[in-house]
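Residues per chain are reported as follows:
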Amino acid sequence: MNSNVKILFIGDIFGQPGRRIVKELLPHLVEESAPDLILANGENAAGGFGITPPLVEELLGLGIALLTSGNHIWDKKEIFPYLAEHSDSRLLRPANYPGGSGGAPGQGMYIGKTRGGLDYAVINLQGRVFMPAIDCPFRTADALLAQIPSHVKVKVVDFHAEATSEKVSLGWYLDGRVTAVLGTHTHVPTADETVLPGGTAYITDLGMTGPYDSVIGMEKQAVIQKFLTGLPARFDVAKGDAHLCAVLIQAELDTGRALSIERIVRKA
Ligand SMILES: [Fe+2]
Ligand SMILES: [Fe+2]
């Protein structure tokens, strides 16, 4: 293996348009940049709300090594037993949901090896600003990082959060301790990708992989109507203008230190 590793991380895959564009464009991205590790956030894969076990298998079958998630992970009831029964699941839920007996099912960290033999760890965390009041993502990150064996150098954090300030803060907090802190959840890509001074690749939000002729993935009219009236509305997945949003990170194999981060926005 080369002395550098490449990590491709795909932002929130939204409904069928999102799944379709990943299927269509991922082979090209693999051919172009030969990533050693492909990760994606799958919290909106099932009609914008959650993910089902067959969709987990479908996305992993495209070559994605592991799926992260966020607040929408709980939308499809069939995912509860799946998370509970697959302790080595390659589907994560945010680690800072209260766990333990009687707590949220599933895991928020994965430590494993790619088929190519690369050791890696992924931590999924969720913010608390304008989101459910769960455990502290900063302290959860500290506790989980302490559990990662020292031979695992490539460590990627998906921080699924609403507030820019909380995301920027976690980036600085973990700088030099992980390969990347990548924001998800807002479904709008930000233009602030950078490698922080300690060697951590950072972006506030990867953006959604799904239909952009929409309000963050849903048909526009129903969402606008909801803002106009304040009344509950039924939201359907939009169809048009699908984009794949991702980042490609290069890191040193020996240290896990990020060397570069490139934002990728591709249309079908
Ligand atoms: Fe999302
Ligand atoms: Fe979310």
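As the structure is a prediction and not an experimental result, all values here were calculated from the model.

Let us now look at the coordination of the iron ion (ligand 1). The iron ion (ligand 1) binds to the protein through Asp12 (OD), Glu43 (OE), Asn44 (OD1) and His187 (NE2); the donor distances cover 2.0 to 2.2 Å. For the iron ion (ligand 1), the four donor atoms in the first shell make angles of 87 to 158° at the metal, a pattern classed as irregular. Within one chain, the residues donating to the iron ion (ligand 1) are spaced in sequence as D-x30-E-N-x142-H. In this structure, the iron ion (ligand 1) lies 3.5 Å away from the iron ion (ligand 2), the two metals sharing Glu43 as a donor. On the criterion of sequence distance, the pair formed by Glu43 in the loop between β2 (37–41) and α2 (53–60) and His187 in the loop between β7 (180–184) and β8 (194–195) is long-range, its members being 144 residues apart.

Along α2, the residues that are buried comprise Pro53, Leu55, Val56, Leu59 and Leu60. The buried residues of α2 all sit within an arc of 160° when viewed along its axis, so they share a single face.

This part covers the coordination of the iron ion (ligand 2). Angles between donor atoms at a metal ideally measure 109.5 degrees for a four-coordinate tetrahedral arrangement and either 90 or 180 degrees for a six-coordinate octahedral one. Around the iron ion (ligand 2), the protein contributes the donor atoms Glu43 (OE), Asn71 (OD1), His160 (NE2) and His185 (ND1), which lie 2.1 to 2.2 Å from the metal centre. Coordination at the iron ion (ligand 2) comes from four donor atoms whose angles at the metal span 88 to 143°, giving a geometry best classed as irregular.

By the secondary structure assignment, His243 is in strand β11 (residues 242–252). Separated by 3.0 Å, the side chain of His243 and the backbone oxygen of Asp241 make a polar contact. Look past the residues within four positions of His243 in its chain and what remains in contact with it is Ile21, Met208, Thr209, Gly210, Tyr212, Val265, Arg266 and Lys267.

Mapped onto the elements of the fold, Asp119 is located in strand β5 (residues 119–126). Sequence-wise, Asp119 and Leu253 are 134 residues apart; in three dimensions their C-alpha atoms are separated by 9.5 Å. Once residues within four sequence positions are removed from consideration, Asp119 is found in contact with Gly112, Lys113, His151, Val152 and Val154. A distance of 3.3 Å separates a polar atom in the side chain of Asp119 from a polar atom in the side chain of Lys113.

On to the nonpolar core. Membership of the largest hydrophobic core comes to 33 residues, with the highest contact counts inside it found for Leu8, Ile10, Ile51, Ile64, Leu67 and Leu91. Taken together, the elements giving at least two residues each to this core come down to β1 (4–10), α1 (15–33), β2, α2, α3 (79–85) and β11. The dominant element in this core, judged by the number of residues it contributes, is α1, at five residues. Here Leu8 is in contact with Leu26, Leu29, Pro35, Leu37, Ile38, Leu39, Ala246, Val247, Leu248 and Ile264, once residues within four sequence places are set aside. In terms of nonpolar packing, the next biggest core, distinct from the first, is built from 24 residues, Phe9, Leu92, Val156 and Ala180 among them.

Moving on, we come to the packing of aromatic side chains. Taken as a whole, this structure holds four aromatic pairs when the rule is applied. Aromatic side chains Trp74 and Phe80 sit 5.3 Å apart centroid to centroid with 50° between the ring planes, which places their arrangement in the tilted category. With a relative accessible area of 13%, Trp74 lands in the buried category. On the basis of an interplanar angle of 65° and a centroid distance of 5.4 Å, the ring pair of Phe138 and Tyr173 is categorised as edge-to-face. Of this pair, Phe138 sits in helix α4 (residues 137–145) while Tyr173 sits in helix α5 (residues 164–174); the two residues are 35 residues apart in sequence, bridging distant segments of the chain. One aromatic cluster is present, formed by Trp74, Phe80 and Tyr97 through successive ring pairs. Against the face of Tyr173 rests Arg177, its NZ or CZ located 4.9 Å from the ring centre.

What follows covers the pairing of β5. Along β5, seven of the eight residues are buried, which leaves the element largely enclosed by surrounding structure. Across five bridges, the pairing between strand β4 (residues 109–113) and β5 is antiparallel. Within β5, the residue paired with Tyr110 across the bridge is Val122. Taken together, β4 and the strand that follows it, β5, pair antiparallel across an intervening segment of five residues, in which Gly117 is found at a positive phi of about 95°. When β5 meets strand β6 (residues 154–160), the two strands line up parallel, connected through seven bridges. Bridge pairing in β6 links Gln126 to His160. You can see the chain leave β5, run along α4 and come back into β6, and the turn it takes is right-handed.

Moving on to the sheet that holds β5. One open sheet accounts for six strands, arranged β4-β5-β6-β7-β9-β8; its pairing is mixed. In this open sheet, the two edge strands, each paired with only one partner strand, are β4 and β8. The strands that α4 touches are β4, β5 and β6; relative to β5, the one it contacts most, it runs at about 160°.

Cut-offs used in this document
Residues numbered from 1 in each chain as written. Chains lettered and ligands numbered in written order. Predicted model: local features only at pLDDT ≥ 70, side-chain atom pairs only at ≥ 80, totals over all residues. Heavy atoms only, no water. Donors = N, O, S within 2.8 Å, 3.2 Å for Na, K, Ca; no water. Tetrahedral: all angles 85-135°; square planar, octahedral: opposite > 155°, others 65-115°. Helix = DSSP H or I, 4+ residues; strand = E, 2+ residues; numbered from the N terminus. Buried < 20%, exposed > 50% of the residue type's maximum accessible area, 1.4 Å probe, protein only. Arc of directions from axis to C-beta. Polar contact = N/O pair within 3.5 Å; in protein donor to acceptor, adjacent residues only side chain to side chain. Contact = heavy atoms within 4.5 Å. Core = buried A, V, L, I, M, F, W, Y, C linked by side-chain atoms within 4.5 Å. Phe/Tyr/Trp six-rings, centres within 6.5 Å; stacked < 30°, edge-to-face > 60°. Lys NZ or Arg CZ within 6 Å of the ring centre and 35° of its normal. Pairing = 2+ DSSP bridges. Right-handed = clockwise from strand over helix to strand, strands pointing away. Axes fitted to C-alpha atoms, helices over the stretch in contact; angles between N-to-C directions.

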